[in-house]
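As a plain string of letters, each chain reads:
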Amino acid sequence: MGHPHSPITAPTLSGVDTPMPVGHTSAPPSASLRRRNFIAWSRRYVLTLVLADGLIGAAAAVVPSRFSNSLDGEFALVAVLAILGAIAWPTSISLARGYVRNRVGVGSEELRAVPRAGVALVVAGAFPAGLLGQQTLLTLVVVGVPFAVLLSTSIRYFARKALHRRQRTGFDVRHVVVVGSSRAVRELTDRLNREKQCGMKVVGACLPSHEVGDVSDFGIPVLGDLSSVARIVRRLDCDAVAVTSDDSTRDTYLRKLAWSLEGTGVEMLVDPGLVEVAGPRMHIRPLMGAPLLHIEQPHFSGWRRVIKRGSDLVITSLGLVLISPVILVIALLIKLQDGGPILFRQKRVGRDGEEFWMYKFRSMVIDAEARKAALMAHNEGKGGLFKLTEDPRITPLGKFLRDFSLDELPQLFNVLNGSMSLVGPRPHLANEIAQMPSEATRRALVTPGLTGLWQVSGRSDLEGDEAVRLDLRYVENWTFTLDILILWKTASAVLAKRGAR
């Protein structure tokens, strides 16, 4: 329970210190947290990337040069090329803003900078090489740049994975003070704590003065009121201030707070309050000198849908050719197991609310559906979903298939006939959807998928409401890049057997 404490000196934006009671439910941040280690570890992270890119640039210049007959025996020239590559490649990435420290481990800009740098080098090198007939330079551009892009992107991917593992254990994080009304602060803090990959640790909150002494069971320390933010972040040596969007932070408050943080190196982050709207749909547009946040409408048709369908057909067709022996072996094992049907089919709700037959390899006993009613009393699912951690209807072979999601392989044929996509919202039963919130019907605006955000974010370990929220986030913010990312993450989720259904 919150309780008043003895007054402490609370600095204000104007620089005047005033006594103020502070209520909180846990001890204030310890002295060990009162340091700004973001600068240290982010510099170390960026320096590692620069050195790796330098080595990659040197290799990208040397390896293709070995294919040029004009450089046979010219070791000095090859050495010069290596030095130039070691300088040019990191410089190109830097110009593409690939080493910005506040983007470390967050968002996609850090990764996108690499292909942008590659395109710039190709444009800068291919034209003069072709114009002057420089075969060596053309070889470096055509072979070396893609080689460098591939390696540098891979290095960043694994570096980010390693960073996220450290951040999940509390290391290499940014210490953040959250500012705003108690309700908005709770919501933002919950999101930051839930999404560990953002790398932010909330050390406390600053609330409106009338809420400071009236908090109970708040969960994080209340450090002061809105006027004391600047001095508090200096005293605790925090890395960032996260400001919520509510009545308490309107008018001129953000401008005054930004002024008070000038020269401190503290980053100011403003939560727009649009939780389920992704960055690509948000744009700042000036209107009569005032910036307005423009939100684009989601796109469910047009050329984007054509590209998505085309990629589904190409990837699925190639995949079926490659894994056809695996499919045949699984089908034979299921048939030999008990002589029952190989496939399990079930009506699910698809695009525009139309039902379709979804296919899976049978992983349960033959009379599984008849035995479901007797197990409803032990249902562990929420939001209309039926789930049992230890379902007695699953066969030993079926458990193996489910652990590695092999039971879902027949859904590739659903992708071919257009009733499903490789990536999309989870297809549900009609009676499950009837028990979901009304907004869940927006999932029908797109084709359901074999995998989706729900799978890479926890798969069936997620509660029903959370799974619906992730499905809606996908529907509202779909991009082709997001599909590729989900497919990539699905592979690691399946191999790790996280939350297999």
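Residues numbered from 1 in each chain as written. Predicted model: local features only at pLDDT ≥ 70, side-chain atom pairs only at ≥ 80, totals over all residues. Heavy atoms only, no water.

The name recorded for the protein chain in an unreviewed UniProt entry is Putative glycosyltransferase, from Microlunatus phosphovorus. We quote the UniProt Sequence similarities (unreviewed entry) comment for the protein chain here in full: "Belongs to the bacterial sugar transferase family." For the record of the protein chain, the UniProt heading Subcellular location (unreviewed entry) holds the text "Membrane". (UniProt positions renumbered as here; feature names shortened; annotations may be inferred.)

**Looking at the overall build of the protein chain**
A count of helices and strands for the protein chain gives 16 helices and 13 strands. For the protein chain, the proportion of its 501 residues judged to be buried stands at 44%. Summarising the internal contacts of the protein chain: among those between residues at least 6 apart in sequence, 70% fall at separations of at least 24. Of the roughly 26200 Å² of accessible surface on the protein chain, 63% is carried by carbon and sulfur atoms. (Helix = DSSP H or I, 4+ residues; strand = E, 2+ residues; numbered from the N terminus. Buried < 20%, exposed > 50% of the residue type's maximum accessible area, 1.4 Å probe, protein only. Contact = heavy atoms within 4.5 Å. Areas by Shrake-Rupley, 256 points an atom, 1.4 Å probe, with all protein chains shown as cover.)

**As for helix α11 (residues 396–403)**
Spacing of three or four residues puts side chains on the same side of an α-helix, whose turn is 3.6 residues. Looking at α11, one finds that the buried residues are L397, G398, L401, R402 and D403. Positioned one or two residues after α11, S405 has a phi angle of 60 degrees, which is positive.

**So, the nonpolar core**
Ranked by internal contacts, the top residues of the largest apolar core, which has 24 residues, are F361, Y474 and I486. Take this core: its biggest share by element is 5 residues, from helix α9 (residues 303–338). Excluding anything up to four places from it in sequence, I486 contacts V423, T451, G452, L453, V456 and Y474. By size, the runner-up hydrophobic cluster in this structure holds 19 residues, among which are I93, A96, A113 and A117. (Core = buried A, V, L, I, M, F, W, Y, C linked by side-chain atoms within 4.5 Å.)

**Concerning empty space enclosed by the protein**
Per the counting criterion, the structure on display carries 2 cavities of 30 Å³ or more. Approximately 60 Å³ is the volume attributed to the largest cavity. Lining the largest cavity, in full, are K308, S311, D312, I315, L422, V423, F480, D483, I484 and L487. Looking at the lining of the largest cavity, the elements with two or more residues in it are α9, β12 (421–423) and α16 (480–495). Here the lining of the largest cavity is composed, by residue class, of 6 nonpolar, 1 polar and 3 charged. (1 Å grid on protein atoms, 1.4 Å probe; cavity = no way out; pocket = protein on both sides within 12 Å on 5 of 7 lines; lining within 4 Å. Points joined across faces, edges and corners; volume = space filled by probe spheres on them. Nonpolar A, V, L, I, M, F, W, Y, C, P; charged D, E, K, R; others polar.)

**Looking at the pattern of salt bridges**
Overall, the coordinates contain 14 salt bridges when judged by the stated rule. Linking R103 and E109 is a salt bridge whose minimum nitrogen-to-oxygen distance equals 4.0 Å. Take R103: its relative accessible area is 23%, and that puts it in the partly exposed class. The exposure class assigned to E109 is partly exposed, which follows from its relative accessible area of 28%. (Salt bridge = Lys/Arg side-chain N within 4 Å of Asp/Glu carboxyl O.)

**Looking at the side chain of D271**
Assignment of secondary structure puts D271 in the loop between β7 (267–270) and β8 (282–287). Of note is the side chain of D271, whose polar atom sits 3.1 Å from the side chain of R191. Sequence-distant contacts of D271, that is, excluding residues within four places in its chain, are made with L188, R191, V243, T244 and S245. (Polar contact = N/O pair within 3.5 Å; in protein donor to acceptor, adjacent residues only side chain to side chain.)

**Points about the environment of P146**
Relative to the elements of secondary structure, P146 occurs in helix α4 (residues 135–168). For P146, a relative accessible area of 43% translates into the label partly exposed. Sequence separation between P146 and V122 is 24 residues, and the spatial gap between their C-alpha atoms is 9.1 Å.

**Some words on the UniProt feature "transmembrane region" (unreviewed entry) in the protein chain**
UniProt marks residues 45–63, 75–93, 113–131, 137–159 and 313–334 with the feature "transmembrane region" (unreviewed entry), using the numbering shown here. Spanning residues 45–63, this segment combines 100% helix with 0% strand, and its end C-alpha atoms are found 27 Å apart. Across residues 313–334, the secondary structure splits into 100% helix and 0% strand, with the terminal C-alpha atoms separated by 27 Å.

**Some details on the packing of aromatic side chains**
Applying the stated rule across the entire model yields 4 aromatic pairs. Centroid distance F38 to W41: 5.3 Å. Interplanar angle 85 degrees. Geometry classified as edge-to-face. Residue F38 and its partner W41 are located together in helix α1 (residues 38–65), separated by 3 residues, close to a single helical turn. What makes W41 buried here is its relative accessible area of 4%. Ring geometry for Y157 and W488: centres 5.2 Å apart, planes at 90 degrees, overall edge-to-face. With a gap of 331 residues between them, Y157 in helix α4 and W488 in helix α16 connect regions that are remote in the sequence. Owing to a relative accessible area of 23%, Y157 belongs among the partly exposed residues under this scheme. (Phe/Tyr/Trp six-rings, centres within 6.5 Å; stacked < 30°, edge-to-face > 60°.)

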